[in-house]
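Fold and geometry: a report
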Amino acid sequence: MAESTSSAAAKQIQAAGVSIKELRKSYGSNEVLKGIDLEVAPGEVVCLIGPSGSGKSTLLRCVNLLEQPNVGTIHVGGFESTDPDVDIDKMRRKVGMVFQQFNLFPHLSALQNCTIAQTKVLKRSQADAAEVARKNLARVGLDHLADRFPDQLSGGQQQRVAIARALSMDPELMLFDEPTSALDPETVGDVLAVMRNLAKEGMTMLVVTHEMGFAREVADRVVFMDGGVVVEEGAAEQVIGAPTQPRTQEFLRRVLDPTHIDIAE
Amino acid sequence: MAMTVRQRARVSRSVQYGLLALAVVLFILFADWASIGKAFFNWDSAVKQFPEIITLALKNTLIYTALSFVVGLSGGLLLALMKLSSVAVWRWIATLYIEFFRGVPALLVFIAFGFGIPTAFGVRFDIYVTVMLALGMVAAAYIAETLRAGLQAVPKGQLEAARSLGMPHWRAMVSIVIPQAFKIVLPPLTNEVILLTKDSSLVYLLGLAASQYELTKFGRDGITQPNAGLTPLVIAGACYLIITVPLGILARRFESRTAKTKG
């Protein structure tokens, strides 16, 4: 029974995949992405892990063109987002983005945060938009706080509103840029729970994260990046549980056992 | 006989209060109150100012200020957006405009609008339009810099979040960035209104009909009456304070409110 409801929910979400080919991005002479190939199938959850400065956030931001890549192609849903003639705004409607710093609009209530783009971009009526917003706030467990303003919410609550805001545009793909890195430890769990449910419902997700437990449990695939290249990718269980590359092994040893001191360094 | 730090502070404070009190007492004792009263506080002359100083002069000052603030605010917003534009030519034009109108006395701009433009282009504006344009264009230069700072103070993530939701750049500015920028610049913007209120006195240069008198011109007209002394100007000054002091209080209240939301 539970099986069939979750597959029904999966059908509700129109999934879009991502296909990245030979992607390069430089800031001046500093090349941050050195030829990345990455596929995310519709309905798949892919976690990007790696040390800071490895280029994983830049890669994520290239997908919805917050960063302009220098070389390579990206296909998102039916769009080739690297095509110079692409309608960026139309493409972005299909791609929800969740930021490390939440970036909620502080002059708007939680509900208005979720309705403003619906009314201004999708031209939904105020009533329709509010209904969608309330549904999505309920989805993240915050419908009772719809009238609060961002500064009246905890970090974890703000991030859940930010997820509801992105979901209110009915995206086909969700990008998460270290969604729990700026949170107090005790609110991380709520945000991860929301993301876990989203994954269960069949949402296509590309997640930059340091939460190895989450990646291992929820991701279909894990991609380890270092120095602007993909070092290793595969099933979550394999990459995190039994990595084959020395750099992956070293990174995971440090992340999973922070008290470990490498004498050789 | 060494004093503690606290004792020394108390003595120092007493001495300062004592000196101030002494100065006041000496002034009261030795000032020529009859002359002072005649010059500044002539009751008969004061009574003659009413009610026109309120119903006419104060009203006109408010009208001139409001009209020029409308031009200043919209012009200032346009200039601020130009200054932040990715098109270099817009930035240059805005910079030139701001440097020029901030650097030239408002008095000169009034003369240019009142006498230069009618001669040069053969158009004669209504007095209200002239004030609105002359004062408004000067105000726009100041307000532009204030607004630019406010726009830049809105975190970059706000624009990114709005654009990520599919909003075009202009829509993100109108719905997300500009409202937040205005909240940030509310206190300095209130100060701009105070400056404008006072600068509206320059309108006297244009030559006014009696019905167009504002506070300063009305006061200056008042002191030409026999035995009026300077009392009409004192009353006019008081009327300016009726406008500007509440604005100052308002600005401080905005400031403490912004400080609170930040903390």
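Higher on the page you've got the structure.
Just so you know, these numbers come straight off a predicted model, no measurement behind them. (Residues numbered from 1 in each chain as written. Chains lettered and ligands numbered in written order. Predicted model: local features only at pLDDT ≥ 70, side-chain atom pairs only at ≥ 80, totals over all residues. Heavy atoms only, no water.)

Right, let's talk about the pattern of salt bridges for a bit. Per the counting criterion, the structure on display carries 20 salt bridges over all chains. A network of salt bridges, in which partner residues are shared, links Arg61 and Glu67 of chain A together with Lys156 and Glu160 of chain B. (Salt bridge = Lys/Arg side-chain N within 4 Å of Asp/Glu carboxyl O.)

Per the counting criterion, the structure on display carries 2 cavities of 30 Å³ or more. Taken as a whole, the largest cavity holds about 50 Å³ of empty space. Every residue lining the largest cavity is listed: Val95, Gly96, Met97, Phe99, Ala162, Arg165 and Ala166 of chain A together with Ala161, Ser164 and Leu165 of chain B. Of all the elements in the fold, those that place two or more residues in the lining of the largest cavity are β6 (95-98) and α6 (155-167) of chain A together with α8 (156-164) of chain B. By volume, the second largest cavity amounts to about 30 Å³. Taken together, Arg92, Arg93, Val95, Gly96, Ala166, Met169 and Pro171 of chain A together with Ser164 and Leu165 of chain B make up the lining of the second largest cavity. Among the residues making up the lining of the second largest cavity, the classes are represented as 5 nonpolar, 2 polar and 2 charged. (1 Å grid on protein atoms, 1.4 Å probe; cavity = no way out; pocket = protein on both sides within 12 Å on 5 of 7 lines; lining within 4 Å. Points joined across faces, edges and corners; volume = space filled by probe spheres on them. Helix = DSSP H or I, 4+ residues; strand = E, 2+ residues; numbered from the N terminus. Nonpolar A, V, L, I, M, F, W, Y, C, P; charged D, E, K, R; others polar.)

Remark: the centre distance and the inter-plane angle together describe each pair of aromatic rings, the angle taken between the planes. In this structure the tally under the stated criterion is 6 aromatic pairs over all chains. Pairing Phe27 of chain B with Trp33 of chain B gives two aromatic rings, centres 5.9 Å apart and planes at 85°, and the pair type is edge-to-face. Of the aromatic side chains, those joined through ring pairs into one cluster are Tyr97, Phe100 and Phe101 of chain B. Cation over ring: Arg165 of chain A sits above Phe105 of chain A, and NZ or CZ is 4.5 Å from the ring centre. A cation sits over an aromatic face here: Arg220 of chain B above Tyr204 of chain B, 4.7 Å from the ring centre. (Phe/Tyr/Trp six-rings, centres within 6.5 Å; stacked < 30°, edge-to-face > 60°. Lys NZ or Arg CZ within 6 Å of the ring centre and 35° of its normal.)

The interface of chain A with chain B comprises 23 residues on the first partner and 17 residues on the second. Interface area, chain A with chain B, both sides summed: about 1700 Å², of which 60% is carbon and sulfur. Counting the surface chain A buries against chain B, the share from its top three residues, Asp89, Phe105 and His107 of chain A, is 30%. At the junction of chain A with chain B, the criterion picks out 2 salt bridges. Its salt-bridge partner being Asp89 of chain A, residue Arg163 of chain B comes within 3.3 Å of it at the nearest N-O pair. Counting across the chain A and chain B interface gives 6 residue pairs in polar contact (both at pLDDT 80 or more). Those elements giving two or more residues to the side of chain A that touches chain B turn out to be α3 (88-93), β6, α4 (110-120) and α6 of chain A. Split by residue class, the side of chain A that touches chain B holds 13 nonpolar, 3 polar and 7 charged. (Contact = heavy atoms within 4.5 Å. Buried area = accessible area lost by both parts, 1.4 Å probe. Polar contact = N/O pair within 3.5 Å; in protein donor to acceptor, adjacent residues only side chain to side chain.)

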